[in-house]
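# Structural features, examined
Each chain is listed here by its residues.
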Amino acid sequence: MKEKIAQLLAQVSDLKCKTAKEVEEARVRLLGKKGEITRLFEEFREYPSERKKEFGRALNELKQAAAAKIEELKSSIGSETESAGPKEDLSMPGTPFELGSRHPVSIVRQEVVDLFRKFGYDVAEGPEIEDDYHVFGALNFPLNHPARDMQDTFFVSTGHPNPLLLRTHTSSVQVRVMESMKLPIRVICPGRVFRNEAISARAHCIFHQVEGLYIDEHVTFADLKQAILLFAREMFGPDAAIRMRPSFFPFTEPSSEVDVNCNICKGKGCNVCKGTGWLEILGCGMVDPNVLEASGIDSKKYSGFAFGMGLERIAMLKWQVNDLRHYFENDLRFLSEFETSIEV
Ligand code: PHE
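The text that follows walks through the structure, step by step, so that each part is easy to find. Predicted, not measured: the structure shown is a model, and the values here were computed from it.

Taken in spatial order, the seven strands of this open sheet run S1-S4-S5-S9-S8-S7-S6, and their pairing is mixed. Pairing within the sheet leaves two strands with one partner each, and these edge strands are strand S1 (122-123) and strand S6 (242-249). Strands in contact with helix H5 (residues 104-118) are S1, strand S4 (185-194), strand S5 (206-217) and strand S9 (302-310); relative to S4, the strand with the most contacts, it is inclined by about 170 degrees. Lying over the sheet, helix H7 (residues 171-180) contacts S4, S5 and S9, oriented at roughly 30 degrees with respect to S5.

The pairing of S4 with S5 spans 10 bridges and is classified as antiparallel. Directly across from Ile185, in S5, lies its bridge partner Ile215. As judged from the nine bridges shared by S5 and S9, these two strands associate in the antiparallel manner. Residue pairing in the sheet places Val210 in a bridge with Met309 of S9.

This part is about the packing of H5 against helix H8 (residues 221-236). Viewed as axis vectors pointing N to C, H5 and H8 meet at an angle of 135 degrees, and their least axial separation amounts to 11 Å. Judged by the angle between their axes, H5 and H8 are oblique. Crossing angle aside, the handedness with which H5 passes H8 is right-handed. Residues Val108, Glu111, Val112, Leu115, Phe116 and Lys118 of H5 pack against Phe231, Glu234 and Met235 of H8. Its residues assigned to classes, the contact of H5 with H8 comprises six nonpolar, no polar and three charged.

Turning our eyes to something else, we now look at the site of the ligand. Around the ligand sit 13 residues, and of these His169, Ser171, Arg195, Gln209 and Glu211 come closest. At 2.8 Å, a side-chain N or O of Arg195 approaches an oxygen atom of the ligand. A distance of 2.9 Å separates an oxygen atom of the ligand from a polar side-chain atom of Gln209. Computed on the free molecule, the ligand has an accessible area of 320 Å², of which 90% lies beneath the protein chains in the complex. The dominant element in the shell around the ligand, judged by the number of residues it contributes, is S9, at three residues. Tallied by class, residues from the shell around the ligand come to five nonpolar, six polar and two charged.

Parameters and conventions
Residues numbered from 1 in each chain as written. Predicted model: local features only at pLDDT ≥ 70, side-chain atom pairs only at ≥ 80, totals over all residues. Heavy atoms only, no water. Pairing = 2+ DSSP bridges. Helix = DSSP H or I, 4+ residues; strand = E, 2+ residues; numbered from the N terminus. Contact = heavy atoms within 4.5 Å. Axes fitted to C-alpha atoms, helices over the stretch in contact; angles between N-to-C directions. Parallel < 35°, antiparallel > 145°, perpendicular 65-115°, else oblique. Left-handed = near helix turned anticlockwise from the far one by under 90°. Nonpolar A, V, L, I, M, F, W, Y, C, P; charged D, E, K, R; others polar. Near = heavy atom within 4 Å. Polar contact = N/O pair within 3.5 Å; in protein donor to acceptor, adjacent residues only side chain to side chain. Areas by Shrake-Rupley, 256 points an atom, 1.4 Å probe, with all protein chains shown as cover.

And the structure:
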């Protein structure tokens, strides 16, 4: 017994472990239920009491030494793993978080709205889910007009004489304004519109518009032309020129489509303007007397003009983006090109 104790004591003091697993194995080998020291205690219990005196103390010392060694190894390995990783440097600056940026369409929308506000226009908004009357009926669309066809319009409910649908233009807001606001009227109506179109580089089933309406006594086509020219110069620079082409809309007479000179090739002709030197930016015209009368406005006394533009189209021209789909895909690489931070 004496020799065994001495041998184990030497083993304990020489004990070296590299990992926590090795420490645990050593503990089990020495102090576990079937461990060597535990077994010595079992042997010791069988001894007559005079011999117990001889070894009792040494055996207890061995047990304590083994337990202390195991603890020491455990804590040294523990602190080594802790110190293996980099120590936190509390003086380091914090992790910066990225500010969001405004969507390019929102930037253009704000620009257009600010411009017309400067010209004295109010901003009006209306529902995206509208009834047929406000989108078509009140705007002089004959009952069998193809714009009411399922191919152009997303209907929410059908079979009703005035079915609900997703508005195809924000002219519906202009109708609501004519019904409720006092004359003279000068409003712009920004908003999201929906059309049942196949998605391509030039068309999408969701897009954004700003439409404008001006009704007063003696409003003429010359006023319309001047308003559009002013807008084009503010939006695209002092050299911007406009061209008006005759067109058709059920709610305006006469109607026109407006082109602005291509600011990429300066009118020489490039692939963006398809060699023409002009880019279409909006539709407009003098409000049809039928439309004024439908909203209870005396068409003998009042006249007005209206116009409507697609914001994605203006944004495409402004930043020379040639695929409309970029504006809807929310690719951060694209979105972060426009504005680095939100003004607060
Ligand atoms: N509402 C028309 C459209 O969505 C645009 C427009 C508005 C044309 C006002 C003329 C006058 O295309």
